[in-house]
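In case you want the letters, here they are:
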Amino acid sequence: MPLDVGGAAVAAGVVVAGLLGSLFGSFLNVCIVRLPLDQSVVRPRSRCPRCGSQIAWYDNVPVLSWLMLGGRCRGCRERISVQYPLVEALVAGLWAAAAWWYGLTFDALTAATFGTILLGIAVTDARHLLIPDEYTWGGLALGLLLALRGGWGGLLTAVIGAGVGFGLLYGIAWAGERVFREEAMGGGDIKMMAMVGAFVGWKGVLLTLFGGALLGTLVFIPLSIKKRRLVPFGVFLAAAAGITFVLGEAIFRWYEAFLRV
Ligand SMILES: [Zn+2]
């Protein structure tokens, strides 16, 4: 069989991206647990919440350690949440998929970074109904930095996207408070859409908002008929933002063709 060097290089790149992603997934778990509590994500090292034993590096290998230990602490056999290996596997898959789809490019790095931030926002908002600034302001800074791959024009597009995301959501929140006399949207959603705008541009902001409202309505109207509850809107915005990043251009092209008919 002839050696396919091109294919082998692509496969190696995808595997390396997946391994790198599993490490970022491991770090994202720390962020998901600690950021809502305003704790440092750097120190101290992770401990078992029950017996307090420090988790050794060999018990902290993404996905594998959890499987080898049967989802329990080595010291006290306390159950370890399945959220840990799940987030690690998801982020690993995300980084591998980005490398496979975009090749080893800055576009892949941008897609993987954006997806990782969105996953962190979705899980945190679903669990705590809040979106920490590290994801939104931190993600905005990363988005603007990565936009430089498109030169000054790319940066300008990202700045306009962030401005439209922030301004539009701020306006909706302001109007909502006037009309309904209660807080319709949290500050986290406003900052989140500034970050999203830096990655998907101003048209992407509109599509994300439309998609997020649609998903939120489809999922939450059946649920909220039973009992009135707060909506983690960030979860739906995150899903819509991810879809917009991947399919946005195709959707805009389809829409333009649709208008011309
Ligand atoms: Zn323990």
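A brief report on the enclosed structure follows. Since the structure is predicted, the reported quantities are computational estimates derived from the model, not experimental observations.

If you tally the helices and strands in the protein chain, you get eight helices and zero strands. Expected size for 261 residues packed as a compact globule is a radius of gyration near 18 Å; at 20 Å, the protein chain falls within 12% of this value. Dimensions of the protein chain, computed from the C-alpha atoms along their principal axes, are close to 60 × 60 × 35 Å. Relative to its 261 residues, the protein chain shows a buried fraction of 39%. Considering only contacts within the protein chain whose residues lie at least 6 apart along the sequence, 66% involve residues at least 24 apart. Carbon and sulfur atoms make up 69% of the accessible area of the protein chain, which totals about 15,600 Å². Here the protein chain contributes 21 positive and 15 negative side-chain charges, whose respective centroids are spaced 8 Å apart.

Between the first and last C-alpha of helix 4 (residues 106-128) there are 33 Å, a value that for 23 residues agrees with the 33 Å anticipated at 1.5 Å per step. Counting buried positions along helix 4 gives 17 out of 23 residues, so the element sits mostly inside the fold. Backbone geometry just downstream of helix 4 places Leu 129 in the positive-phi region, at approximately 55 degrees.

Only Cys 48 (SG), Cys 51 (SG), Cys 73 (SG) and Cys 76 (SG) from the protein reach the zinc ion as donors, at distances of 2.3 to 2.4 Å. Around the zinc ion sit four donor atoms, and with donor-metal-donor angles ranging over 107 to 113 degrees the site reads as tetrahedral. For the zinc ion, the donor residues sit on a single chain with the sequence spacing C-x2-C-x21-C-x2-C. Here Cys 51, found in the loop between helix 1 (5-34) and helix 2 (64-68), pairs with Cys 76, found in the loop between helix 2 and helix 3 (83-102); they are 25 residues apart in sequence, far enough to count as distant.

In this section: the environment of Arg 127. Tracing the sequence through the fold places Arg 127 in helix 4. Along the backbone, Arg 127 and Ile 32 are 95 residues apart, and their C-alpha atoms lie at a distance of 9.4 Å. Apart from the residues lying within four places of it in its own chain, the contact partners of Arg 127 are Ile 32 and Gln 83.

With that settled, consider a nonpolar patch on the surface. Where nonpolar side chains cluster on the molecular surface, the patch consists of Trp 57, Tyr 58, Val 61, Leu 64, Leu 67 and Met 68 and spans about 740 Å² of accessible area. Among the secondary structure elements, Val 61 is positioned in the loop between helix 1 and helix 2. On the basis of relative accessible area, Val 61 is assigned to the partly exposed category, the value being 32%.

Rules of the game
- Residues numbered from 1 in each chain as written.
- Predicted model: local features only at pLDDT ≥ 70, side-chain atom pairs only at ≥ 80, totals over all residues.
- Heavy atoms only, no water.
- Helix = DSSP H or I, 4+ residues; strand = E, 2+ residues; numbered from the N terminus.
- Rg over C-alpha atoms; globule rule 2.2 N^0.38 Å.
- Buried < 20%, exposed > 50% of the residue type's maximum accessible area, 1.4 Å probe, protein only.
- Contact = heavy atoms within 4.5 Å.
- Areas by Shrake-Rupley, 256 points an atom, 1.4 Å probe, with all protein chains shown as cover.
- Lys, Arg positive; Asp, Glu negative; His and termini not counted.
- Charge placed at Lys NZ, Arg CZ, Asp CG, Glu CD.
- Expected span 1.5 Å × (residues − 1).
- Donors = N, O, S within 2.8 Å, 3.2 Å for Na, K, Ca; no water.
- Tetrahedral: all angles 85-135°; square planar, octahedral: opposite > 155°, others 65-115°.
- Patch = residues over 30% accessible without salt bridge, like charges linked within 9 Å, V, L, I, M, F, W, Y side chains within 5 Å.
- Salt bridge = Lys/Arg side-chain N within 4 Å of Asp/Glu carboxyl O.

Keep in mind that these numbers describe shape and distance, not what the molecule does.
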